[in-house]
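Structural characterization, general
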Amino acid sequence: MAIDADIFEKVKATLVDALGVDDDEVTEEATLVGDLGAESIDFLDIVFRLEKTFGIKVERGELFPEDILTNAAYVQNNRINEEGLAELRSRLPFIDLTEFEKNPVVQEFASRMTVADMCRFVEYKLKG
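Here's a quick rundown of the structure. (Residues numbered from 1 in each chain as written. Predicted model: local features only at pLDDT ≥ 70, side-chain atom pairs only at ≥ 80, totals over all residues. Heavy atoms only, no water.)

**Digging into a negative patch on the surface**
Cut-off, in case you're wondering: Patch membership is restricted to residues that have no salt bridge and whose relative accessible area is over 30%. Joining uses 9 Å for like charges and 5 Å for the nonpolar side chains Val, Leu, Ile, Met, Phe, Trp and Tyr. Shrake-Rupley sampling with a 1.4 Å probe provides the accessible areas, and residues are treated as covered by the protein chains on show and by no other component. By definition here, a salt bridge exists when the distance from a side-chain nitrogen of Lys or Arg to a carboxyl oxygen of Asp or Glu is within 4 Å. In this charge count, Lys and Arg are treated as positive and Asp and Glu as negative; neither His nor the chain ends contribute. For the purpose of locating charges, the reference atoms are NZ of Lys, CZ of Arg, CG of Asp and CD of Glu. Secondary structure is summarised from DSSP: a helix means a run of H or I of at least four residues, a strand means a run of E of at least two, and numbering begins at the N terminus for each.
The grouping of Glu-9, Asp-22, Asp-23, Asp-24, Glu-25 and Asp-35 at the surface amounts to a negative patch. For Glu-25, the position within the fold is in the loop between α1 (5–19) and α2 (40–54).

Written as structure tokens, this is what we have:
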């Protein structure tokens with residue numbers, strides 16, 4: 001799915017400001033944690049900036065579903081089971097979970113999120 005160029009540029013500017021990275025580091029494929037160095041505290045700033053830039057409201061758990069990632073019904077041996085993956089797919093239709101599903105270790109979830117995923121999230125929110 002193609003990413004809207006205007007949304008990408010605004011998300012890119014948000015990430016450059018929030019994370020202090022260079023423009024050329026922010027590509028669609030870049031992961032927020034691994035490639036851009038985002039930490040958990042950075043996500044609060046990123047969400048705040050996205051809300052302000054796009055005029056959207058991001059509810060707690062909407063982008064990072066802690067209630068799934070910490071629920072014993074969905075997590076066994078630190079891995080998300082099939083029911084948990086189904087719940088993630090349902091709640092996060094804007095995130096490509098293909099790679100995560102191959103090895104669904106809870107701690108790896110946030111490190112898989114890409115800039116393109118963030119752009120699709122914004123598009124999803126704007127469509128209401």
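More follows now that the structure is in view.
**Structural notes on the pattern of salt bridges**
Selection rule: To sort residues, take the accessible area from a 1.4 Å probe on protein chains only and compare it with the maximum for the residue type: under 20% means buried, over 50% means exposed, and anything in between is partly exposed.
A full pass over the atoms with the stated rule returns 10 salt bridges. The residue Lys-10 makes a salt bridge to Asp-6 at a minimum N-O spacing of 3.5 Å. Here the residue Lys-10 and the residue Asp-6 both occupy positions in helix α1, the gap between them amounting to 4 residues, near one helical turn. Judged by relative accessible area, Lys-10 falls into the partly exposed class, the value being 34%. Judged by relative accessible area, Asp-6 falls into the partly exposed class, the value being 44%. In this structure, a network of salt bridges that share partners links the residues Asp-67, Glu-87 and Arg-91.

**A few points about the nonpolar core**
Grouped burial of nonpolar side chains is what soluble globular proteins tend to show. Our working definition: What we call a nonpolar core is a set of buried Ala, Val, Leu, Ile, Met, Phe, Trp, Tyr and Cys residues that are connected through their side-chain atoms within 4.5 Å. Whether two residues are in contact is decided by their heavy atoms: any pair within 4.5 Å suffices.
In this structure, Val-11, Leu-15, Leu-32, Leu-36, Leu-88 and Val-115 are the most contacted members of the largest nonpolar core, which totals 44 residues. At the level of elements, α1, α2, α3 (66–69), α4 (82–91) and α6 (115–127) are the ones that each hand at least two residues to this core. Among the elements that line this core, the one with the most residues is α1, at 7 residues. Setting aside residues no more than four positions away along its own chain, Leu-32 makes contact with Leu-15, Gly-37, Ala-38, Phe-43, Met-113, Thr-114, Val-115 and Met-118.

Spatial relationships are all this shows, so hold off on functional conclusions.
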